Amino acid sequence: MTVTIYGIKNCDTTKKARSWLEANDVDYSFHDYKAAGIDRAHLETWCDAAGWETVLNRAGTTFKKLDDGQKTDLSREKAIGLMLEQPSMIKRPVLEAKGRITLGFKPETYQTLFA
């Protein structure tokens, strides 16, 4: 089974998720989208699976620093464009495993997925 976790190396939530995977002997690969970027295909897949409103992290500093014009009239296309420009705006981590996409980290969610 291929397990890939996408996030940012210094993000506390991503660190917790990676620690959980390691503690539970789940073999995974890590993609740092701040360092390596992310492509449109991944973002479109995630938005199709979870909804762009969930994938776009509006609570983060990067989003809050945008000017009002960038934050208004958000649509799927506009959100994907923003996340391509600034991957820090993607909710993290994103876990691809067992044909599913899981956003954020909750130990119980991972436990159920890998049980």
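See the structure shown above.
This report concerns the structure included in the present document. Given the structure is predicted, the values throughout are model-derived calculations rather than measurements.

Brief notes about the sheet that holds strand β2 (residues 29–32)
Phase 1 of the analysis: Strand order across the open sheet formed by four strands is β2-β1-β3-β4, with mixed pairing between neighbours. Bordering the open sheet on either side are β2 and β4 (100–103), each of which pairs with just one other strand. Across this sheet, the average inter-strand angle for adjacent strands is 20°, counted without regard to direction.
Phase 2 of the analysis: Alignment of strand β1 (residues 4–7) against β2, held across four bridges, turns out to be parallel. Its bridge partner lying in β2, T4 is registered against S29.
Phase 3 of the analysis: Packed on one face of the sheet, helix α7 (residues 107–114) meets β1, β3 (94–97) and β4 and runs near 10° to β3.

So, the pairing of β4
Phase 1 of the analysis: Sheet topology note: the β3/β4 ladder contains four bridges and is antiparallel. Note on β4: the bridge partner recorded for V94 is L103.
Phase 2 of the analysis: The antiparallel hairpin formed by β3 and β4 contains two residues in its connecting segment, where K98 sits at a positive phi of about 55°.

Description of the nonpolar core
Phase 1 of the analysis: One finds L43, W46, V55, L56, M83 and I90 to be the most contacted residues of the largest nonpolar core, which totals 22 residues.
Phase 2 of the analysis: Among the elements that make up this core, the one with the highest residue count is helix α6 (residues 76–85) (four residues).
Phase 3 of the analysis: Every residue in contact with W46, bar those within four places of it in the chain, is listed here: Y6, I38, G51, V55, I90, V94, E96 and I101.
Phase 4 of the analysis: Listed in part, the 13 residues of the second largest apolar core include A17, Y28, L113 and F114.

Cut-off values and rules
Residues numbered from 1 in each chain as written. Predicted model: local features only at pLDDT ≥ 70, side-chain atom pairs only at ≥ 80, totals over all residues. Heavy atoms only, no water. Pairing = 2+ DSSP bridges. Helix = DSSP H or I, 4+ residues; strand = E, 2+ residues; numbered from the N terminus. Axes fitted to C-alpha atoms, helices over the stretch in contact; angles between N-to-C directions. Contact = heavy atoms within 4.5 Å. Core = buried A, V, L, I, M, F, W, Y, C linked by side-chain atoms within 4.5 Å. Buried < 20%, exposed > 50% of the residue type's maximum accessible area, 1.4 Å probe, protein only.

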